[in-house]
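Each chain, written out:
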Amino acid sequence: MIQKYRFGKPFETDAVVVKQPDAAVFGPDSTPAVPYFTVKKVDANAQTDLSVGRFGPSAAKPVKDAWQFTLDLRKGDIVYGLGEAQRGINKRGWLYISDNVDDNTHTETKYNLYGAHNFLIVDREDGQGNFGIFLDDPGIVRFDVGYTDMNKLIITASGLDFDLYFFSGRSESGKPYAITREFRGIIGHSYIPPKWGFGYGQSRYGYENEADIRAVWAGHRDNGIPLDAIYLDIDYMVGYKDFTVDTKAFPDLPALSAELKADGVRLVPIIDAGIKVLEGDALAQEGIDNGYFCLKEDGTPFTAAVWPGNSYFTDYLNPAARKWFGSQYKFLLDQGIEGFWNDMNEPSIFFTNDTLRRGVEMASSIGIKDYYEIDDWHKLMGSAFGTMAASQYYQQFYHMVDGEKILHEKVHNLYGYNMTRAAGEAFEELAPDKRILMFSRSSYIGMHRYGGIWTGDNCAWWAHLQQEVKQMPGLNMVGLLFTGSDTGGFGQNTTEDLLLRWIEFSIFTPLFRNHDSKGPRCQETYLFTDKKAFANMIGIRYVLLPYLYSEYVKAARNDDMYFKPLSFVYDSDPIAKEIEDQLMVGESIMVAPVVTQNATGRNVYLPEDMRMIRFRSGEDYDSEELKAGWHYVRCDLAEVLVFLRKGRLLPTAAAAESVSRLDEEHLRVYAYGDGSYTLYQDDGFSKDFDNPAHRKAITVKDGAVSADDVEVTLR
Ligand code: GLC
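The notes below deal with the structure included here. Not measured: the values here are computed from a predicted model. (Residues numbered from 1 in each chain as written. Predicted model: local features only at pLDDT ≥ 70, side-chain atom pairs only at ≥ 80, totals over all residues. Heavy atoms only, no water.)

1. A closer look at the sheet that holds strand 3 (residues 38-43)
Part 1 of the reasoning: The strand order across the open sheet formed by five strands is 3-4-11-10-6, and the pairing between neighbours is antiparallel. At either margin of the open sheet sits one strand with a lone partner, and together these are strand 3 and strand 6 (94-98). Adjacent strand axes in the sheet meet at a mean angle of 20°, parallel and antiparallel pairs treated alike.
Part 2 of the reasoning: Here strand 10 (residues 141-145) pairs with strand 11 (residues 152-156) via four bridges, running antiparallel. By the bridge assignment, Arg142 is partnered in strand 11 with Thr156. (Pairing = 2+ DSSP bridges. Helix = DSSP H or I, 4+ residues; strand = E, 2+ residues; numbered from the N terminus. Axes fitted to C-alpha atoms, helices over the stretch in contact; angles between N-to-C directions.)

Dropping the structure here:
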């Protein structure tokens, strides 16, 4: 059952597409009553937890009055959800703040990341009275899940205006999975990328010209390492200006793109949120003339520095501005480009001219000395320059929505979502018969209809590989199915073993991209010693692709999850409830990646008897049956373990160098006993997902396999 409560006059976020009736409406002076929680009005400024915020103590300045919801938690209660948020699958024991931020060092003690996903589930220790809650509030929201008091869940809204939804699960069973499905049923179907978007992609902030791209292409093909995409970071543009191509570096982008495409490789350029301030520039002028940019209090465009230098910020909340920005992608679509990544869209702001001026003045007031007192240093670094990239700017500009001027901070978390929506809506018009690859850094619930996300600027740390495994189910709960992290780590120097282990997990994430920053050592796989190992590991992604793609599309169409925590499947198994480093991938398999350095294996918990398949390549594998319970299993570098459930099937193909070369007419199916499977197959481009011809039954009975329309051998 779904119950919706309206508080004040919320901003329409378009997160929910299946509108729900109001169970009650509460004005600012009412005494609200909602299920499960006690409600009170708090002076948000007075809260102790306000000492945290974006990049430091002084940043977040919420409105004075806010509704706060408090619930007692029992020892064994589990809290699931909050999308991209850091820490565990069980969110207990930390404070999470929905306040989208560009933070390139997101350690476990940070409070906020790039996305705001205000959906969580309370799974009671006795299974009675479970519920899901979605706070549709685009401002700064606090989820204190046992941070102030270990036994309390305290949710503080951004103010007095928002919609609050409760879910008890369609079947009334109160199981977290049923609750998730009920929630997903009202936010619309998830985005489905073109099939090549599931292939392996290579990226680096630092590819500067056509020669760099050709070297990456050759590096893969010469070493038999599969490749479907090469990403173009900001250096392909002229002065980091959106919708331009530096023709000195890329003299003929359409020709290059066509040549690569003939070999099954696509170029995927980045698009940044900020538009360069440039005298006489047609795009900037068009934005100014039509009022498409966010404004300052005085009605003039707000500008601040990001990669292009001083930049305007498109008012994506204004439908006309959204349409205008979206239409610009045509410039690159016309050059043969079929995919994009949207970046810096929290929006990220480095500084404004005002803060830079203040910083320089303060620094010069200290001057150059032979000896600095520590206070001088703090003034210089802390006050002068240290706080320039802070949330202060979000209180300095406005959106115009239906003639109303809205302070950015009140709708802050919608920015990246609406940039990606701008692109998604435009693609429907510009390329109606085609799927375009699209993923974003920043997001809010609802963006899953237009694209996926990557998990932002991680580091080459084993901890970040471990973190990524835990982020996947939360993201899937809010419909963000097309996800993955910067494989190998974006910041810092990776190592060959970390990259291999990371790939061993990323083989299962729908977005599979190796991305790296400018400073650290290069991490293209062919630069390391054991090139064959990388070719085999990435090849296994293509081996598994018939199954992974089929499970992805079915999850997207059925408002289901592709990655699930074990507890969503084995919901009466107390051990499964505590497992945070193994995941269910689709209906047939479980994965248990090795995520610690120098480990030659790991402990794996099997909630039921399973067949463990150890892949060294598509052709080289062995398998054994394992009984339910704990097992120590060996898993060397360059091996991938897949745990197949009893009665389920795993359709696979032979490895291929690109998705376009995958032979999906001849499949090899792994089985564990008799079973049946509905395989989803299509051309990878068109959008007739519900065409019954795309669903093919595969059956294994008494050791014999049969299938519709595909030749299948049993393994
Ligand atoms: C941001 C992005 C990163 C990109 C860089 C340069 O840090 O998160 O992926 O490489 O900007 O564009």
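2. Side note on helix 3 (residues 253-262)
Part 1 of the reasoning: Where helix 3 is concerned, the buried positions are Leu253, Leu256, Ser257 and Leu260. Buried residues of helix 3 fall within an arc of 95° about the axis and therefore sit on the same side.
Part 2 of the reasoning: Buried residues in helix 3 make contact with helix 2 (210-222), strand 14 (229-232), strand 15 (266-272) and helix 6 (330-333).
Part 3 of the reasoning: Two to three positions downstream of the cap, the backbone nitrogen of Ala255 sits 3.2 Å from a side-chain oxygen, assigning the N-cap of helix 3 to Asp252.
Part 4 of the reasoning: Just downstream of helix 3 lies Gly264, where phi reads positive at about 80°. (Buried < 20%, exposed > 50% of the residue type's maximum accessible area, 1.4 Å probe, protein only. Arc of directions from axis to C-beta. Contact = heavy atoms within 4.5 Å. Polar contact = N/O pair within 3.5 Å; in protein donor to acceptor, adjacent residues only side chain to side chain.)

3. Regarding the site of the ligand
Part 1 of the reasoning: Taken together, 13 residues lie near the ligand, and Asp233, Asp343, Arg441, Asp457 and His515 sit nearest.
Part 2 of the reasoning: Between the ligand and Asp233, the relevant distance is 2.5 Å, taken from an oxygen atom to a side-chain nitrogen or oxygen of the residue.
Part 3 of the reasoning: Asp343 has a polar side-chain atom sitting 3.2 Å from an oxygen atom of the ligand.
Part 4 of the reasoning: When isolated, the ligand has an accessible area of 310 Å², and the protein chains bury 97% of it.
Part 5 of the reasoning: Among the residues forming the shell around the ligand, the class breakdown is eight nonpolar, one polar and four charged. (Near = heavy atom within 4 Å. Areas by Shrake-Rupley, 256 points an atom, 1.4 Å probe, with all protein chains shown as cover. Nonpolar A, V, L, I, M, F, W, Y, C, P; charged D, E, K, R; others polar.)

4. So, the environment of Pro28
Part 1 of the reasoning: Summarising the element assignment, Pro28 is placed in the loop between strand 2 (22-26) and strand 3.
Part 2 of the reasoning: On the basis of relative accessibility, which here comes to 43%, the residue Pro28 falls in the partly exposed class.
Part 3 of the reasoning: Along the backbone, Pro28 and Gln328 are 300 residues apart, and their C-alpha atoms lie at a distance of 42 Å.
Part 4 of the reasoning: Residue contacts for Pro28: discarding those within four places in its chain leaves Lys41, Trp67 and Leu160.

5. With respect to the pattern of salt bridges
Pairs can form between side chains of opposite charge once their charged atoms are near each other.
Part 1 of the reasoning: Tallied over the entire structure, the rule returns 53 salt bridges.
Part 2 of the reasoning: When the shortest N-O distance is used, the salt bridge between Arg124 and Asp77 registers 2.5 Å. In this pair, Arg124 is assigned in the loop between strand 8 (119-123) and strand 9 (131-136) and Asp77 in the loop between strand 4 (65-72) and strand 5 (78-81), connecting sequence segments 47 residues apart. The exposure classification of Arg124 matches that of Asp77, with both residues buried.
Part 3 of the reasoning: The shortest N-O distance in the salt bridge between Glu657 and Arg221 comes to 4.0 Å. Residue Glu657 is found in the loop between strand 36 (649-652) and strand 37 (666-671), and its partner Arg221 is found in helix 2; the two are separated by 436 residues along the sequence.
Part 4 of the reasoning: Among the residues examined, Glu657 registers a relative accessible area of 27% and is labelled partly exposed.
Part 5 of the reasoning: Take Arg221: its relative accessible area is 15%, and that puts it in the buried class.
Part 6 of the reasoning: Taken together, the shared-partner salt bridges connect Arg614, Arg616, Asp620, Asp622, Arg634, Asp636 and Glu639 into one network. (Salt bridge = Lys/Arg side-chain N within 4 Å of Asp/Glu carboxyl O.)

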